[in-house]
Amino acid sequence: MNDSKSVPDRVADHLRRIPRSGIRDFFELVSQRSDIISLSIGEPDFVTPWTVREAAIFALDRGATSYTPNMGLLKLRRAIGGYVDRSFGLRYDPETEILITVGVSEALDLAIRAVVNPGDEVLYHEPCYVSYRPLIAMAHGVPVTVATSRENGFRLTREMLEAQTTSRTRVLLLNFPTNPTGAAMTPTEVAEIGAFARDHDLLVISDEIYSELTYDGERGSIAACPGLRERTIFLHGFSKAWAMTGFRVGYAAAPPELTEAMMKIHQYTMLCAPRLSQEAAIEALQSDRDTGIMRDEYRRRRNYIVSALNDIGLACHQPSGAFYVFPCIENTGLSSQEFAMRLLEEEDVACVPGNAFGASGEGFLRCSYATDFDQIKIAMDRMRNFVVRLLA
Amino acid sequence: MDELLELLCRNALETPADLARMLNASEDDIRSRISEYEAKGIIRGYQAIVDEDSLDTDTVKAVVEIKVTPVREGGFDRTAARVSRFHEVDSLYLMSGTYDLLAMVRGRDLREIATFVSAKLATLEGVLSTATHFMLKAYKKQGVLMEEPPSDERLQVSP
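Analysis parameters
- Residues numbered from 1 in each chain as written.
- Chains lettered and ligands numbered in written order.
- Predicted model: local features only at pLDDT ≥ 70, side-chain atom pairs only at ≥ 80, totals over all residues.
- Helix = DSSP H or I, 4+ residues; strand = E, 2+ residues; numbered from the N terminus.
- Rg over C-alpha atoms; globule rule 2.2 N^0.38 Å.
- Buried ≥ 20, exposed ≤ 12 C-beta atoms within 10 Å, placed from the backbone.
- Contact = placed C-beta atoms within 7 Å.
- Axes fitted to C-alpha atoms, helices over the stretch in contact; angles between N-to-C directions.
- Parallel < 35°, antiparallel > 145°, perpendicular 65-115°, else oblique.
- Left-handed = near helix turned anticlockwise from the far one by under 90°.
- Nonpolar A, V, L, I, M, F, W, Y, C, P; charged D, E, K, R; others polar.
- Domains from an automatic or database assignment.
- Pairing = 2+ DSSP bridges.
- Expected span 1.5 Å × (residues − 1).
- Arc of directions from axis to C-beta.
- pLDDT = per-residue confidence, 0-100.
- Core = buried A, V, L, I, M, F, W, Y, C linked by C-beta atoms within 7 Å.

Peer 1: So what about the overall build of chain B? Which residues, and what values?
Peer 2: The number of helices and strands found in chain B is five helices and six strands. For chain B, the sequential pattern of α-helices and β-strands runs α-α-α-β-α-β-β-α-β-β-β. Relative to the 2.2 N^0.38 estimate, which gives 15 Å for 159 residues, the radius of gyration of chain B is 21 Å and therefore markedly larger than a compact globule would have. The buried share among the 159 residues of chain B stands at 14%. Sequence-distant contacts, at least 24 apart, represent 57% of the contacts inside chain B between residues at least 6 apart.

So, in structure tokens, the structure goes:
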């Protein structure tokens, strides 16, 4: 044999076509530097509430270290059933309709893989979390971008969706409140998008990981719209509102047939979510005191950072959810990448360039306010210096 | 509690400009609300929270449980008012349970506190008995830990 493959050629074709995440490049740049203020972190700066950590310690202490059922601990599924009912008015049967996963990331992967056939078109809105497009591609689906813009607060409208819909469109992937723009949907918008999904007979995958972090108005899930429950996979988890990122525990809720399909993949690839994390999650659902305190703190930081950025001269809409602001930096004449790099080099402040979240994120910067308030203040002062110099 | 008060309780040095930004209010509005709280006596002072254990000062602190006979038309308040006038008494509370008043007391050394309790407190009219507990170490004061747990390093960038 003289025609053996080169090592890169051994990587599967569809994977080779997926570009490296822009956020990873930026991470490598940032990690070479010390003493920077980072507004580029997509996780809470709070440590997991003490009662939750204590529950995990107690579970470890009594030796709760075995596998759990594939679907997850029934006690946790029941607690989630109650929580989702109370919070969103959605009823799911803990026995057959709720699946515990390794973070909402796994749930998202399962959902996409469970419903996408090769060549199916999946609509998703941009700028968005970095995983959506690659996950659709890895499931051999066709990612179809619906670009949102600052002019309407990065909202999604039926009109925008209709423009991208074809006879091959099968799935609509939503994430509200949105990482990185912080956009959230009003009940009217939810109803409008719901009607669109119904009219086109689409399946909806709704990633609601930031839903507790909604600051103005009510939160509601699209799954609660008339006729949507049967065609929606509701995804949620504990990472953001309960500051439990490292626990890796999330869940998917959907009609039994869809849950069973996701369960098939989960069973053969993951077995079950970590036992200790599931035990901790049960405790998390029993106390919402800390989530309220964290939300109030995020809301105050959001108010501060939006006002500070607009004062600096970087136009920034007020996002209603998540913990990100997405200021426009076009007036500086720099690209997102240039702005972020120079800000890092000249002022030691790290923000993620908006184009890491899709082409429509070009001209923007993602600043996370999941960072200590004093740090945010210093970062804003430094950004002011930077912008003043740029525009001088 | 009003959010403005909550923030000031946490950090009294927060500037009106920053408070205004956080609460979506004007700076003038914040200033006038603070003045009003001060005028009404709702804000009674501003103090630093100090880790005295790490200072090289001679201070001894104790809590003193005091049993009191309530007096007609004065209840516990009359005795409490007398006790609270002593400069050794930092804080004083009326309690439910097996004793009536709880005093936080400070002095230069054990002897000073002992003398204060036996000579001044115990002999007050209406005071039936006292029990003194000396404080050995402060772990948390007014919601603030005296020793920060080591912080976990987050990744500098995450999606």
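From this point, the narrative continues.
Peer 1: With reference to specific residues and values, describe the packing of helix α4 (residues 74–88) of chain A against helix α10 (residues 275–286) of chain A.
Peer 2: All names here are of chain A. Put simply, α4 and α10 touch, their axes get as near as 9 Å, and they point 30 degrees apart. The angle between the axes of α4 and α10 places the two elements in the roughly parallel class. Between α4 and α10 lies a crossing whose hand is left-handed. From α4, Lys 75, Leu 76, Ala 79, Ile 80 and Tyr 83 reach across to α10, where they touch Gln 278, Ala 281, Ile 282 and Leu 285. Of the residues belonging to the contact of α4 with α10, the class tally is seven nonpolar, one polar and one charged.

Peer 1: Give me the domain arrangement of chain A: which residues, what numbers.
Peer 2: Residues and elements named next belong to chain A. You can read the domains of chain A as domain 1 (8–47 + 290–391) and domain 2 (50–286). For domain 1 and domain 2, the distance between their C-alpha centroids amounts to 24 Å. Every contact between the two is made by 32 residues of domain 1 and, on the other side, 35 residues of domain 2. Broken down by secondary-structure element, the contributors of at least two residues to the side of domain 1 that touches domain 2 are α11 (289–312) and β9 (324–325). With six residues, α11 is the single largest residue contributor to the side of domain 1 that touches domain 2. Across the side of domain 1 that touches domain 2, the residue classes tally to 16 nonpolar, eleven polar and five charged.

Peer 1: If you had to explain the packing of α11(A) against helix α13 (residues 373–391) of chain A to someone new, which residues and values would you point to?
Peer 2: Residues and elements named next belong to chain A. The geometry of α11 relative to α13 is characterised by a closest axis approach of 10 Å and an angle of 10 degrees between their N-to-C directions. The orientation of α11 relative to α13 falls into the category roughly parallel. Contact residues: α11 offers Arg 301, Tyr 304, Ile 305, Ala 308 and Ile 312, while α13 offers Phe 373, Ile 376, Met 380, Met 383, Arg 384 and Val 387. Residues that form the contact of α11 with α13 fall into these classes: nine nonpolar, no polar and two charged.

Peer 1: Please provide a residue-by-residue account of the pairing of strand β2 (residues 89–94) of chain B, values included.
Peer 2: All names here are of chain B. Counting buried residues along β2, only zero of its six residues qualify, which leaves the element largely exposed. Direction of pairing for β2 relative to strand β3 (residues 101–107): antiparallel, over a ladder of five bridges. Bridge pairing in β3 places Val 89 opposite Val 105.

Peer 1: Tell me about the pairing of strand β4 (residues 127–134) of chain B, residues and numbers included.
Peer 2: Within a regular strand, the side chains alternate between the two sheet faces. Residues and elements named next belong to chain B. Counting buried residues in β4 gives zero out of eight residues, a small share hidden from the surface. Bridge count between strand β1 (residues 60–68) and β4: seven bridges; the pairing is antiparallel. Bridge assignment links Ile 66 to a residue of β4, and that residue is Thr 130.

Peer 1: Now, about the sheet that holds strand β4 (residues 142–147) of chain A: what can you tell me, with residues and values included?
Peer 2: Residue and element names in this part refer to chain A. Taken in spatial order, the seven strands line up as β2-β8-β7-β6-β5-β3-β4 in an open sheet, and their pairing is mixed. Of all strands in the sheet, those with a lone pairing partner are β2 (98–101) and β4, marking the two edges. In this sheet, neighbouring strand axes are inclined to one another by 20 degrees on average, regardless of whether the strands run parallel or antiparallel. Where α4 meets the sheet, it contacts β2 and β8 (250–253), and its direction lies at approximately 115 degrees from that of β2.

Peer 1: How would you sum up the sheet that holds β1(B)? Please name residues and give values.
Peer 2: Residues and elements named next belong to chain B. Reading across from one edge, β2-β3-β1-β4 is the order of the four strands in this open sheet, with antiparallel pairing throughout. For this open sheet the edge positions go to β2 and β4, each flanked by a neighbour on one side alone. Here the strands of the sheet are splayed against their neighbours by 20 degrees on average, with no regard to which way each runs. Its contacts with the sheet put helix α4 (residues 77–85) on β1, β2, β3 and β4, and the angle it makes with β2 is roughly 165 degrees. Contacts from helix α5 (residues 110–121) reach β1, β3 and β4 within the one sheet, and its direction differs from that of β1 by about 15 degrees.

Peer 1: Go over helix α12 (residues 336–347) of chain A, please, and point to the residues and values.
Peer 2: An α-helical turn contains 3.6 residues, so any two residues separated by three or four positions project in the same direction. All names here are of chain A. The first and last C-alpha atoms of α12 sit 16 Å apart over twelve residues, in line with the 16 Å expected at 1.5 Å per residue. Looking only at α12, the buried set comprises Ser 336, Phe 339, Ala 340, Leu 343 and Glu 347. Down the axis, α12 shows its buried residues gathered within 95 degrees of arc, on one side only. Along its buried surface, α12 packs onto α2 (22–31), β10 (349–350), β11 (352–353), β12 (365–368) and α13.

Peer 1: Give a description of the interface of chain B and chain A that names residues and reports values.
Peer 2: On the side of chain A, 20 residues touch chain B, which itself brings twelve residues to the contact. Each residue belonging to the side of chain B that touches chain A can be placed in one class, and the counts come to five nonpolar, three polar and four charged.

Peer 1: Describe the domain arrangement of chain B, naming the residues involved and giving the relevant values.
Peer 2: Examined at the domain level, chain B breaks down into domain 1 (3–39) and domain 2 (52–136). Distance between the C-alpha centres of domain 1 of chain B and domain 2 of chain B: 35 Å.

Peer 1: Could you give an account of the environment of Leu344(A), naming the residues involved and the relevant values?
Peer 2: All names here are of chain A. Position of Leu 344 relative to the elements: it lies in helix α12. Along the primary structure Leu 344 and Ile 36 are separated by 308 residues, whereas in three dimensions their C-alpha atoms are 7.8 Å apart. Setting aside anything within four residues of it in sequence, one finds Leu 344 in contact with Leu 29, Val 30, Ile 36, Val 349 and Ala 350.

Peer 1: Give me the lowdown on the confidence of the model for chain B, citing residues and values where you can.
Peer 2: Interpretation of the predicted coordinates at a detailed level should be avoided for regions scoring low in pLDDT. Overall, the predicted model of chain B reaches an average pLDDT of 93, with 100% of residues at or above 70. Scored by ipTM, the complex comes to 0.76, with pTM at 0.89.

Peer 1: Before we move on, could you go through the nonpolar core and cite the residues and values that matter?
Peer 2: Within the largest apolar cluster, 124 residues are counted, with the highest numbers of intra-cluster contacts made by Ala111(A), Ala252(A) and Ile305(A). Counting residues per element, this core draws most heavily on helix α5 (residues 103–115) of chain A, which supplies eight residues. The contacts of Ala111(A), once residues within four sequence positions are left out, are Ile205(A), Ile233(A), Leu235(A), Ala252(A) and Met262(A). Val64(B), Val83(B), Val117(B) and Leu121(B) belong to the second largest nonpolar core, which has twelve residues in total.

Peer 1: Summarise the environment of Gly63(A); cite the residues concerned and give the values.
Peer 2: Within the element layout of this structure, Gly63(A) appears in the loop between α3 (50–61) and α4. Considering only alpha carbons, one finds Gly63(A) and Leu276(A), 213 residues apart in sequence, at a separation of 9.6 Å.

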